[in-house]
Amino acid sequence: PFQLEHTDEQTGIVSFATICTAFSANPAHHGWITAAHCIADSETGEFYAAKFYIDGHRARIIEVNFTNDLARVQTTEWGLPIGLKLAKRAPAVGDEVETLGYSWGEDRPYYYQGRVSRIAADDKRLTFVHMFATGGQSGSPIVDRSGLVVGVAHTRKGGDELHGVSPLLGFTSFNVLKAFDRGWVFQR
């Protein structure tokens, strides 16, 4: 889970709130990817917290790209030995995809699967998949049947805003993600 640190103003008690999902994208550089809107307000650029964590480990924000709703994050003290790999090709309409993410801020992930229903057009940066979309799922990897990343979850369309459930999930187009995944640099 991608978490932020919250200090209760009245009691001073520090807690962690799971707000989104992040996934290991570059283990050699302790690199993770999540959605930019999980980190900061896209209109003001103001960060939601002073400290961020991935699974309880301190995370540093490396890059925030509001245009594509993507962010690179790094955990210098902790990283997974393996990360998810980017697919070699974009998904096609009808392809089955899956995601695992921390819906509604819970500490256990939810698994969803669906089929790609619309591919991003040249002027659009979103591909849509017909699968449940829930709050907290943002930043989750969208993987193909081989387990290779084809996108990053970051928006939902339609459905019930009150309960945070929608029938369509929007994810970053493959070409945008492919360009964003280049150029990792380890920072200490």
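Up top is the structure.
Analysis parameters
- Residues numbered from 1 in each chain as written.
- Predicted model: local features only at pLDDT ≥ 70, side-chain atom pairs only at ≥ 80, totals over all residues.
- Heavy atoms only, no water.
- Buried < 20%, exposed > 50% of the residue type's maximum accessible area, 1.4 Å probe, protein only.
- Helix = DSSP H or I, 4+ residues; strand = E, 2+ residues; numbered from the N terminus.
- Pairing = 2+ DSSP bridges.
- Salt bridge = Lys/Arg side-chain N within 4 Å of Asp/Glu carboxyl O.
- Lys, Arg positive; Asp, Glu negative; His and termini not counted.
- Polar contact = N/O pair within 3.5 Å; in protein donor to acceptor, adjacent residues only side chain to side chain.
- Contact = heavy atoms within 4.5 Å.

Some thoughts on the pairing of strand β7 (residues 70-74)
Okay, so step 1: Extensive coverage of β7 is indicated by the burial of five of its five residues.
Okay, so step 2: In terms of strand pairing, strand β4 (residues 31-34) meets β7 through four bridges, oriented antiparallel. Across the sheet, the residue bridging to I33 is R72, located in β7.
Okay, so step 3: Examined bridge by bridge, strand β6 (residues 57-65) and β7 share five bridges and lie antiparallel to one another. Of the residues in β7, the one forming a bridge with R60 is Q74.
Okay, so step 4: Following β6, the chain reverses through four residues before pairing antiparallel with β7; D69 in that reversal takes a positive phi of roughly 55 degrees.

Notes on the pattern of salt bridges
Okay, so step 1: Applying the stated criterion to the full structure yields four salt bridges.
Okay, so step 2: Two residues, R115 and E96, come together in a salt bridge whose shortest N-O distance is 3.5 Å. Placement of R115 in strand β9 (residues 110-118) and of E96 in strand β8 (residues 96-101) is noted, with a sequence separation of 19 residues between them.
Okay, so step 3: Residue class for R115 comes out partly exposed when judged on its relative accessible area of 46%.
Okay, so step 4: By relative accessible area, which is 18% here, E96 ends up buried.
Okay, so step 5: A salt bridge links E96 to R145, with the nearest nitrogen and oxygen atoms 2.7 Å apart. Of this pair, E96 sits in strand β8 while R145 sits in the loop between β11 (141-143) and β12 (149-157), placing them 49 residues apart in sequence.

Structural notes on the side chain of D144
Okay, so step 1: Note on placement: D144 falls in the loop between β11 and β12.
Okay, so step 2: Buried charge D144 goes without a salt bridge, the closest partner of opposite sign being R89 at 6.2 Å.
Okay, so step 3: Within the local environment of D144, its side chain forms a polar contact with the backbone nitrogen of S146, the two atoms lying 2.9 Å apart.
Okay, so step 4: Residues in contact with D144, not counting those within four places in the same chain, are A87, E96, V97, E98 and V150.

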